Every structure is written in structure tokens, then in C-alpha cells.
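# Close look at the chain arrangement
The residues making up each chain are set out below.
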Amino acid sequence: MMTTDSTARAEFIAGLRSLARYLADNPEVPVPSHGETILLHAAGTDEEQRAQVDRVAALIGSQASGGTHYKATRDFGPITYEVLAISEQYMRDHEAAASYYGAVTA
């Protein structure tokens, strides 16, 4: 889920700054060697999700693309900001396949 609530945004940004300061002040603390992704999931119907991704794509200066996984991304060095819509049909298929997990043994 995502929000533009000013309190949630302020807390998130403060947390990012706090993490950055901590890592800068403690060089012995490891970081990911290949970067990291901040991932936001769209919600609603397929059309609503795609509209959310398109809106964020315009805000971050990106082009949305994809099929069952429709997304827009922007890189900030090794950090990627991504907003993602997963189609309702894909999620139904995934949930159906996952419902068998652990039920079949060899």
C-alpha cells in the first residue's frame, strides 16, 4: 500500500535520514552489495492499480510498463524506487497454486 499522508511521509523520510546517518557514522555495519528497492504496491482493481502506477510514473519521471506485473521505477544510485501493480488474474493463479503448498508430499 502507499500513502501521501503528510505524517506517514514525514516519518518515512525521517527514518531514511536516520538510517543514512547511522550507516555513515558506523562504517563497520554492512550494506547490501547490490543496492535495495523501496517497493510500493498499488491496490484495487486492475484498472485502479494501473492508474496508480501511471500517476506515480508521471510524478517520478518514469514510464510504466509490463503485463501481469505493471510497474514504474526510478533509480537513485543503488536504491530503486518502484511502484507495482499485479493483475488480479495473476494473483488468483498464484493463490490457487500456493494453496497446495505442503499438501503434496513425495
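For the structure, see preceding data.
Residues numbered from 1 in each chain as written. Predicted model: local features only at pLDDT ≥ 70, side-chain atom pairs only at ≥ 80, totals over all residues. Heavy atoms only, no water.

### Points about the overall build of the protein
Each helix and strand in the protein was counted, giving three helices and three strands. In the protein, the succession of helices and strands from N to C terminus is α-β-α-β-β-α. Computed over the C-alpha atoms, the radius of gyration of the protein is 18 Å, more than 25% above the 13 Å expected from 2.2 N^0.38 for a compact globule of 106 residues. The 106 residues of the protein split such that 18% are buried. Per element, the accessible surface of the protein, about 7900 Å² overall, is 56% carbon and sulfur. For the protein, the distance from the average site of its 8 positive side-chain charges to the average site of its 14 negative ones is 7 Å. (Helix = DSSP H or I, 4+ residues; strand = E, 2+ residues; numbered from the N terminus. Rg over C-alpha atoms; globule rule 2.2 N^0.38 Å. Buried < 20%, exposed > 50% of the residue type's maximum accessible area, 1.4 Å probe, protein only. Areas by Shrake-Rupley, 256 points an atom, 1.4 Å probe, with all protein chains shown as cover. Lys, Arg positive; Asp, Glu negative; His and termini not counted. Charge placed at Lys NZ, Arg CZ, Asp CG, Glu CD.)

### Things to note about the nonpolar core
With 11 residues, the main nonpolar core is built from L40, A42, V53, V56, A57, I60, A64, Y70, A72, V83 and A85. Secondary structure elements with two or more residues in this core: helix 2 (46-60), strand 2 (69-76) and strand 3 (79-86). Element by element, the count of residues in this core is highest for helix 2, at four residues. Each residue touching I60, except ones within four places of it in the same chain, is listed here: A72, T73, R74 and Y81. (Core = buried A, V, L, I, M, F, W, Y, C linked by side-chain atoms within 4.5 Å. Contact = heavy atoms within 4.5 Å.)

### Notes on the sheet that holds strand 1 (residues 36-41)
Read from one edge of the open sheet, three strands run 1-3-2, paired in mixed fashion. Two strands close off the open sheet at either side, each with one partner strand: strand 1 and strand 2. In this sheet, adjacent strand axes meet at a mean angle of 20° when their direction is disregarded. Relative to strand 3, strand 1 runs parallel, the two sharing six bridges. The residue of strand 3 that forms the bridge with L40 is V83. Sitting on the sheet, helix 2 touches strand 2 and strand 3, and the angle it makes with strand 3 is about 155°. (Pairing = 2+ DSSP bridges. Axes fitted to C-alpha atoms, helices over the stretch in contact; angles between N-to-C directions.)

### Observations concerning the pairing of strand 2
Bridge count between strand 2 and strand 3: eight bridges; the pairing is antiparallel. Bridged to K71 within strand 3 is L84.

### Brief notes about the environment of V56
Checked against the element boundaries, V56 lands in helix 2. Separated by 29 residues in sequence, V56 and P27 have C-alpha atoms that sit 34 Å apart. Sequence-distant contacts of V56, defined by excluding residues within four places in its chain, comprise M2, Y81 and V83.

### A closer look at the packing of aromatic side chains
Counting across every chain of the model gives zero aromatic pairs. Here R50 stacks its cationic end above the ring of Y70, 4.0 Å away from the centre of that ring. (Phe/Tyr/Trp six-rings, centres within 6.5 Å; stacked < 30°, edge-to-face > 60°. Lys NZ or Arg CZ within 6 Å of the ring centre and 35° of its normal.)

### Concerning the side chain of T80
Looking at the element boundaries, T80 is found in strand 3. Ignoring any residue separated from it by four or fewer positions in sequence, one finds T80 in contact with E36, T37, I38, T73, R74 and D75.

By themselves, these are just geometric observations and shouldn't be taken as functional.
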